[in-house]
Structure formats: structure tokens, C-alpha cells
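Inside the fold
One-letter residues, chain by chain:
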Amino acid sequence: MVFRGDVCPHLTMTAGRCLMADEEVIIGEPQAKRLRLRAGQQVTVQHTLYSEAARRWEPVGRPATLGIVGIYRPRDVAEPYRGRSGYFSPGIDDAVSEPVFMSRPTVDTIEHETDQRRAEAIPQDGSITAATLPALAEAASSVTDDLGGDIGGAGVAAQYDNRLPDLFDRIERARQLTRQLVPIAALPLLGLCWLVLFLAVAYGGTARRHEQALLALRGGSRPTRWWLAAGESLVAIVVGAPVGYLAGTAVVGLVADARCDAGFTLAPPPGAVLAVGIAVAGAIVAGLIGLRRDLSTPVVDLLRRIPPPASAWRSVAVEACAVVLAVVAAVQLRAFDGSLVGLGLLVPGLVVLAVAVVASRLLVPAAARVGGAAVRRGRLGLALGALQIARRPGSHGLFVLLAVAVALLGFAVTAVDVAKQARAARAQVETGADRTVDVVDADAGELLRKVRAVDPAGAFAMATATTTSSRGPRTLFADLRALPAVVAWRPEYGPFPATAITGRLRPSTGEPVVLRDSSVALTVGYPVAQPETKVELSVLLRPVDGGPLVRSGTGPLRVGTATYVTPASGCEKGCRVAAIRAGFAASGNATTDVTLVSLAAATAKTVAVDAGAFGSGWQVSARGSGRPGSDGLVLSLKGDGLDPRPTWVTPADTLQTLPVLSAGMPADLAAVDNVDGNEIAVHTVTGATSLPRLGEGVLADLEYGVRAATGNTQLLDAQVWLGPKAPADAVDRLTKAGLVVSGQDSTAAAAGRLDRRGPALAMWFQLLAGAGAIALAATGMGLMAAIDRRRTLDDLVALRRQGLGGRAAGRGVLWAYLSVAAAAVVTGAAGAATAWWVAGRYLPLFLDDDFALAPPVAPRPLAVLGPAVLAIVLFAGVAVGLRRAFRVRD
């Protein structure tokens, strides 16, 4: 008897009307059908309490007369309005549990001793956002304090059930992972920006060496020279910083809005000012370091057209420090069990930098050798390009810049693709099949029958149910005959293929015993009756079409051999004999024998089980014991005493110990909850590291679970899994078969949800940073060439005057930049592979580790090929453009 606020808009009235006044009620369709009630009738209700002593419901309080004004059907059993009330949810045994809705005053009209009152806060769209989280967390916490202790008088207590902390924990975990993953891409990109600035300033200073020499010769002081040289860069940095901040914030806002639907905003995020300060300070330092050499060089060296070679030991020392730092960071990453803290955040960037600087040491000697060989062979274009690489001081820095940029993009692409593969695998395991269909009010046998009616061959549909218990593991019951066709079998699911697993979990059994009659006849021999004892037998029958268990009891047995005819309503179309329950009421350790002689259809007088069948194929539970006798199966029953568990006798088609596939379970797992909620003995046929939908848990056959069930098999969590060969209208077919569909899911939808979580978005940011690195490197390449343009043109003009052809000159420019770019692409690919080998396994891919899945170890070839081609085309385009820019016609 339920009052729920604003209930009428959420119901469809199939007869009569909804509530309008007091002392009116509306009832559900199944309940009206079962009780043969209709709109317009009056009913009398009375509060009752269950008496343990009398073992019955006894009336308490005065009766109340109510009018039935309507018959309803829920519009959507899964809508948020239902909250966590449990009305119409899976697990309702029959129509008696369906709510009778009434008004609040009507509830008070019915005299009763206790009731349950609940206020549910149901979040609406937009109520939980990043902006509202702090206030929401504080409000939820304050409710806990306000509801402490008893309220409203003696015996009235408030219980607060709040799931928001779980949500807050997931959000905070996502933020933590994002804070770990984003710097892996952001910090190397920032370092690359500083490197480009350093190279541009240093290269520009080299181009203005003659001006610095003249300024020194004319008496310019060192501070004046420093300011005149550094002012150009410092002013550009200071002026460009706010412009860059606004542009960067706008780009990030637009990208976040497009990718995450976060809402475009220019509001500075927390820590933005500090980040800008660090970036600007680093840029200033990089610019000053770039000018240091030319400002400290003697005037005579500044007047030289070709600058003297840099001190080798200083360059080697700096590069050795980079390599050592990369090694230390990698060791720290492994020492701290893969935690991305400290230098661990810089491991990918340091590794690619170390690979680039080591490879750059081979660039100049290799270019010199190639240039010399080209001169001897008369290939002037190649010779000019190679010798320019060997002699110009900027070639080394340009190579490192391009190689690091390519490596960062390669690492980002690898991380994104591997993470995408991992999310696809996780989605596949989370859902279990390509598509899943949630069904409600499903009996296990009925679910099996209806799904098999839609897919008789088990080619695309599989009935499943999940049981959860605090005393045992989660168990997935599935119609395993369809397992190979529906579930994409993964190595984590076990060492055997799906067909072999199906064979092991569905061993051959005897044929089921089916009775088609409205009553059954059980012949039993009871030789001796002991004082103050009572023996009762019940035949448990399960309709072959599915539905509630039919219990046909004998009542107390009489001494001697007798046939007990008992009704079996609902078995006219056929019921499978599930078990015979034997209860022996006696104190202490008293024992008695009972002989099962035969079981027959009473009206048709056809024997389903004779004495021979009882004596050879039937099994007795561990509570009692059985032995074949001349007249049938002799049961030795023990008195229940303080442990009133009955003895169960099951037919040959029932397994008393269910074979299961387990993942993450102890080796001595002995029992799980069956589909009827009762424990059933199990034995593990093989182990796995993960199971579909469960992760850790147990997989068993649904049909065999139903056969072994001795209680009602109304499912709490029932689904139909659809395989890749399922037709487009499979859900419509299931609905037409009589299943109530409450929701659907798919592997694609699950992957989409994972794509919108923190780790996936942070991985995507790495790809964005990698693309930015490539663009930055191409810009740096063009910038360095533009700074060097005057000197290069002077060289080409002089060579043309000496007879060098125009094509050879153009090829020289092309080879000078294209060769560096090609070598950088190869080196960058090697650096990306090395960085992934060192740090890739430590990148967090998910918010939890509920599913023990081995992550992919390498990206797909096409995923890597695309960015590599992009880098080559971009760098080649810049090189071709520089060839045209440096062309000397005459």
C-alpha cells in the first residue's frame, strides 16, 4: 500500500481513472487479473502481521473500505522517477508485490502499526556539473550530520543512503589520472617551445655577428651590447605572452567544448597564472642562453664569416646530462612501481630527447662523408646540401628539434591507439556481447524458453542472469549452448576455446522427467512411524514454459505403502520434475526410512518414474542418504532438530554439483548462489583471469542452474545477449515473444562511455600536443631558414658566378633541409618506440582495475603510418618551399 508523490503522470490507465480523492486506490494489471478485480469495485483491506508461533498472517487493527477507481500499467519501469523504490523492478515474485497506489490521507486512514517513509533526491540533467560539485558534496555531507540519532520520537529512526560519495570518488580519481597524463604531453611541448625559441635566437644572433663586432669596435659597453642583442627577443616575448595566453585559452576552450561538451569559456583555470609565469620565465631564459655565445665571443671571431666550432666538451656534457637524466627518470619510474610522480612524468620526453641527441652526434660526420663522396662523384647538388649540414652550426639543433617533435607525435599516437584498443576490449568485456537487452519480470525458465523460441539454433541470442550475494561471488548464468556464436571469446576467459568451455560446463545428463497433468500420484512406502515424528514429501514441478515453481505436497505420511494424489495446478501443458523434498520433523538424532516407489500422472494414470528408475538414476543430497531397494529408492532421513534442512532427491537430469568457470576466485570455491537464491555446490573445471561482464566471478550454465533450483527463479538481473549475426529486429522479436525490455546496451555504446572519461580525454590531449609539436617543428624549420636566407643567398650567388648550375643550387638547398627532416623522422620513430617501451605500460588507461585484461603492447600499423606520412609531407613541403625561396636565377 503505497503513496508516491506525483504518481499519475508516470502511469498509463488501462481502465478507469487515476487518483482524485481520498479512500481511492489504483491497482496494477497483473494484480487485477489475479484477484479478478475491476475499476469501480470496493475492497476491504486490513493490516496484518506474521505470527511466527502460528505460522500465519493475523489481522491487526480495524478493516478499511476502499474504492478501486482504476487499473494501471507503468509507462517506463526504468525512468529516473522510480528512484530506488524497487517497484516494478526485476525480482518481484508475483503480482502480490505490485504496489497499490493511494493518496497520503488514505494511507493514514488504514489503521497500521508501522510504515516506511522515504524521501528520494533524484538528480536531473545538469544538476551535477563541475561547478556544482563542491556545494553538492557539502550538502550531502551535512545531511549525514543532521540525521544522526533518533528523530521524531521513540522508535522512529532515519537511515541515510547516499551513493553520491561513490560518484565523487570516481570524479576525483578521474581528475588525478588527468593530472598525471596531461603533463606527460604538456611538459615536453613546453620544452619544445623553449628549444625553438633558443634555436631562433641563437641562429639570429649568428646572422648578426658582424653587427655585434662593429658595435664592439666602436666602443659599445658589454651591458649595452647585451641589451641591444637581447631587447629584440625580450620585447617580443613580453608582448607576445598575453596574446599567446588569450589565443591558447580560446583554442583550449573551443577544443574542450567540441570534444567534451564543456562549454566555451575564457575564464582562467586554477593555476593558469603560475603556468604562464613559468612559460614566460623559461622563454626569457632560453632567449638569453641563445645569445650567450655571441655576446661572449671576441671581436676577431665575430668578424669571421664562418663562426669557429663550439667547444666540444660543453656540448657533450650537456647531451650526456640529458641521457643520464633520462636513465634516472626511467629507473625511478620502475622503482616506484610505475607511479607517475616526480621525474616519472618526464620519462617519455627525456627518453626521446636522449635518443635525438645521441643520433645527432652521428649526423655531422655522416653528412661530411656523404658530401665528400658526392663531390668526388660530381653530384654537386647533393654535395652542397650535405656539406651545408656538416658546416652550419644550426643543423645539429634543427635535427634535434625535428626528431623530438616526430617522437612526441609518435608516442602520442601509440598511446592513443593502444588506449583505444584497450577501451574496445574493456567495452567488449563489460557488455559481454555486441548488444545486450535488459529484461524485467523474467522467470529463468520462461526467459530460456522465449529466447530459444526466437533463436532455436542458438545462432545469435543467449539468455543470461547474474546473481549477487554478500556470502559468495557474483555468478553469471548463461545459456551456454549459444556461447560460441554470441560471445567474442578472449584469452582472458580461459585456456580453452568457447566450444570446449561449453562442453565442460554442459556435461551430458539424463533426460528430464515431464508430467502433463493437473495432479500427480506419488507412491511411497513408510514402514514404521515413530512417536512425535512427522514425515512429509513434496514434489517440486517446474512448468516447461517457465513460471513459478509448483509444489505438490503429500501431507504427513501414513504407515505402509500408499499412493498420494495431490494437485499440480499449471502442469496441464507439462512440468519437469525438479526434485522431491523430504522433511522429517523429529528431535535429536532420530532416523527413519522412506521408500520412493513411483511417480505418475494421476488423471492419465501414466507412470513417469517407476521403482527401477528411482533406484538407479535419482540422487540424494548430503543431508540424507539413499540406496536402491527392491521396491524403489530407500531414503534414510535424519531428524531436523535445530537444523530443519530437508533432504532433496533430484532426477538424473539434475547436477548436484555444478561445473563452473571461475576468475579471481579461491581454488577451494565450494558453493555459489543459484538462480533461485539458494546455495548450490560447484566445482571449478578451469580458471580464467577475467569473465565477460563480471571481471571476477563465476560462469555457469543457466539451464543446468534452473534444473537444480528448488525455489522460485524470478531473476533479479536478466539480460539477452545478441551476437554479431543477430538481425536488426532481434529486439522486436524478443518483445513479440513476451519479454519486457527495459533497456539496451552495446559494445559500441560502452566504448563511447569510456571515450568520454578522464583517461581517454587525457590521452586525446596527448595527440593534440603531438600535432602541435609537429607544427611547431615545421615553423622552427622555416624560421631558421628565413634567418639564414641572406647568408645562403650570398653563397649561392658566388657559386653561380663560378659556374654552378641553377638546378644544382636548388637541389643543394633541398638536400640541406630534406635530408635533416628525413633523418629526423627515422630517429623520431625510434625515439617514440623506445619511450613507449620504457614508459608505455605505466600509463593509466582506466579509472579502476575491475577487469584483469592484458593491455595491447603495440599500436596498429595504420595508426602509426598516418602521422608519419603527415610529418614527412609537412617537412618535405617546407623544404620544397625553401628551395623556391632560395632560388637564384642569374
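Residues numbered from 1 in each chain as written. Predicted model: local features only at pLDDT ≥ 70, side-chain atom pairs only at ≥ 80, totals over all residues. Heavy atoms only, no water.

Take helix H13 (residues 444-454) next. Taken together, the buried positions of H13 are occupied by Ala444, Gly445, Leu447, Leu448, Lys450, Val451 and Val454. Tucked into the core, H13 has its buried residues touching strand S8 (435-440), strand S9 (461-469), helix H17 (702-708), strand S27 (718-722) and helix H18 (730-736). Two to three positions downstream of the cap, the backbone nitrogen of Gly445 sits 3.0 Å from a side-chain oxygen, assigning the N-cap of H13 to Asp443. (Buried < 20%, exposed > 50% of the residue type's maximum accessible area, 1.4 Å probe, protein only. Helix = DSSP H or I, 4+ residues; strand = E, 2+ residues; numbered from the N terminus. Contact = heavy atoms within 4.5 Å. Polar contact = N/O pair within 3.5 Å; in protein donor to acceptor, adjacent residues only side chain to side chain.)

Quick look at the nonpolar core now. Leu192, Leu398, Leu402, Met763, Leu843 and Phe875 are the most contacted members of the largest nonpolar core, which totals 68 residues. In terms of residue count, the dominant contributor to this core is helix H12 (residues 394-431) (20 residues). Formed by 37 residues, the second largest nonpolar core is a distinct cluster that contains Leu447, Ala461, Val660 and Leu715. (Core = buried A, V, L, I, M, F, W, Y, C linked by side-chain atoms within 4.5 Å.)

In this structure, Lys450 sits in helix H13. Setting aside residues up to four positions removed in sequence, Lys450 forms contacts with Ala737, Gly738 and Leu739.

Right, let's talk about unusual backbone geometry for a bit. One non-glycine residue, Asp6, adopts positive backbone phi at about 60 degrees. Structurally, the position occupied by Asp6 is in the segment before strand S1 (11-16). Positive phi values are uncommon outside glycine, yet Glu23 reaches one of about 60 degrees. Inspection of the secondary structure puts Glu23 in the loop between S1 and strand S2 (24-28).

Quick look at the packing of aromatic side chains now. Applying the stated criterion across every chain, the model contains four aromatic pairs. A centroid spacing of 5.4 Å and a plane angle of 55 degrees characterise the contact between Tyr72 and Phe101, whose relative ring orientation is tilted. Of the two residues, Tyr72 is situated in strand S6 (residues 64-74) and Phe101 in strand S7 (residues 101-102); the sequence distance between them amounts to 29 residues. Phe101 gets classed as buried once you look at its relative accessible area, which sits at 1%. Seen from their ring centres, Trp489 and Tyr493 are 5.1 Å apart, and the 75 degrees between their planes marks the pair as edge-to-face. Note that Arg426 overlies the ring of Phe846, its terminal NZ or CZ placed 4.8 Å from the centroid. (Phe/Tyr/Trp six-rings, centres within 6.5 Å; stacked < 30°, edge-to-face > 60°. Lys NZ or Arg CZ within 6 Å of the ring centre and 35° of its normal.)

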